[in-house]
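# Overview (structure and organization)
If you want the building blocks of each chain, they are given just below.
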There are 2 protein chains.
Amino acid sequence: MDKSKVSMAVVRRLPRYYRYILELSDAGVDRVSSSSLAEKMGLTASQIRQDLNCFGGFGQQGYGYNVANLTQELASILGLDQGRKAIIIGAGNMGRALINNFNFRKCGVALTCAFDTETSLIGAHINGVLVRHVDELDGFQKQYKPEIAVLTMPKSAAQRMGERLCKNGIKGLWNFTTVDLHLEGIDVPVENVRFMESLMILSYRL
Amino acid sequence: MDKSKVSMAVVRRLPRYYRYILELSDAGVDRVSSSSLAEKMGLTASQIRQDLNCFGGFGQQGYGYNVANLTQELASILGLDQGRKAIIIGAGNMGRALINNFNFRKCGVALTCAFDTETSLIGAHINGVLVRHVDELDGFQKQYKPEIAVLTMPKSAAQRMGERLCKNGIKGLWNFTTVDLHLEGIDVPVENVRFMESLMILSYRL
DNA sequence: TAGATTGTTAATCGATTAACAATC
DNA sequence: TAGATTGTTAATCGATTAACAATC
């Protein structure tokens, strides 16, 4: 199926498929049927087959899915094998927490540089990642062409920074600020991480 | 409408409605129509009216919605006015980042205590929050009856800890670990925060 | 071959959008 | 009153589930 026709409902399930299949792979399991995977994941076998078939026939009748093969296919679908480069804008608390703890590599992404405006941070290394001044951003983008920018700066600067990053050729924004970015006419996907919305939804469900 | 019949699709939009309406409120706007709100948010007016009407008729024909009133209604629907208490299990990097930076109060939640097993942390205060040993957890729950537990401990301990928290009366789990909690037969909502899935989805969309 | 399980089509279910009467 | 905009029903659209022929 044409990638552009796959619904976001399906796409949002892919990383979870990947996590489960990777777990099976690590456990040394070599094949799995849609029905056994469905039971583990709390989905229907039908949905799993429908979802995977958006991207190709990875299974085999009478056998199921080869775990090693499916792992690799899912990684490829998700683009985890693309060796992408990321930069992070804002080395405050949230930024540092990500730099120190988040496993970018597991997503196939290399965090190559951090940017900030705070003079005391410039030149420092955080978990091996150099902090540069935001003034160097445009030049850095031209030279190294990172695909992904992580937005962990104050929300007041987010909209302008998003536009600037796009103008210099960023391919996707991972937005930890609370603002909705408006990038009309610019074809750059934005993925938001919203702690506060998440906690409010939990609060509703209590 | 009966709260249990409101679909999660609707519920997941509520915090965003709240954010926008709060912004209008802060800007001193006193009324808003579904169509103007729809335009700002990139939704249809129809959807906004349908969504809000799951909870009551907050608008007025020919006028629209009173911003102050709707703000208060949404806060109440989300339970932000319930003065709930939260504890956090795991004062490692993720835990400390939340304690130091996340605004629990904006969600109407008071973070009352942190728990860990690391001796060097016990007794310390992080941003005013005392770290106790996990051995004190059961007693603490009995005495203070926190409604929400934030899970920021190693994933290997998450399942057991989830069960233990529920047995002692927790009402909801905010799960930052990468595991899916299985709490069959226990009616405690779990809200997952999944950085890695979020970045993988962005990676897919590039 | 017989059994298992996929890939895929058709049926069902749920969510979104459109339309409009009610009413402020 | 006339204009605006809701609340709500009906129509459409999309996603999930069920069913089964294909096939390993």
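Everything discussed here concerns the structure shown above.
Reference entry: report on the structure contained in this document. Source: prediction; values computed, not measured.

How big an interface is tends to be expressed through the accessible area that disappears when the partners come together. The partner chain B presents 58 residues to the 58 residues of chain A that form the contact. Here chain A meets chain B over a buried area of about 5,000 Å², counting both sides, of which 67% is carbon and sulfur. Scanning the region where chain A abuts chain B turns up 8 salt bridges. Between Arg205 of chain A and Glu191 of chain B there is a salt bridge whose closest N-O contact spans 3.3 Å. At the boundary of chain A with chain B, the tally comes to 24 residue pairs in polar contact (both at pLDDT 80 or more). In terms of residue count, the dominant contributor to the side of chain A that touches chain B is helix α9 (residues 195–205) of chain A (11 residues). Among the residues making up the side of chain A that touches chain B, the classes are represented as 34 nonpolar, 10 polar and 14 charged.

Residues and elements named next belong to chain B. Looking at the element boundaries, Thr71 is found in helix α5 (residues 67–78). Thr71 sits in the buried class, given a relative accessible area of 10%. The sequence separation of Thr71 and Tyr18 amounts to 53 residues, and the corresponding C-alpha distance is 6.5 Å. Residues in contact with Thr71, not counting those within four places in the same chain, are Tyr18, Ile21, Leu22 and Ser25.

Here we come to the protein's contact with DNA strand C. Inspection of the region around DNA strand C gives 24 residues, with Ser34, Arg49 and Gln50 of chain A together with Ser46 and Gln50 of chain B positioned closest. The contact atoms of DNA strand C, taken as those within 4 Å of the protein, divide so that sugar and phosphate hold 56%. Arg13 of chain B places a polar side-chain atom, nitrogen or oxygen, 3.0 Å from a phosphate oxygen of DNA strand C. Looking at the surface near DNA strand C, the elements that each hand over two or more residues are α4 (45–53), β2 (59–60) and β3 (64–66) of chain A together with α4 (45–53) of chain B. Examining the composition of the surface near DNA strand C, we find that 4 residues originate from one element, α4 of chain B, more than from any other. Tallied by class, residues from the surface near DNA strand C come to 3 nonpolar, 18 polar and 3 charged.

Reading the values: rules and limits
Residues numbered from 1 in each chain as written. Chains lettered and ligands numbered in written order. Predicted model: local features only at pLDDT ≥ 70, side-chain atom pairs only at ≥ 80, totals over all residues. Heavy atoms only, no water. Contact = heavy atoms within 4.5 Å. Buried area = accessible area lost by both parts, 1.4 Å probe. Salt bridge = Lys/Arg side-chain N within 4 Å of Asp/Glu carboxyl O. Polar contact = N/O pair within 3.5 Å; in protein donor to acceptor, adjacent residues only side chain to side chain. Helix = DSSP H or I, 4+ residues; strand = E, 2+ residues; numbered from the N terminus. Nonpolar A, V, L, I, M, F, W, Y, C, P; charged D, E, K, R; others polar. Buried < 20%, exposed > 50% of the residue type's maximum accessible area, 1.4 Å probe, protein only. Near = heavy atom within 4 Å.

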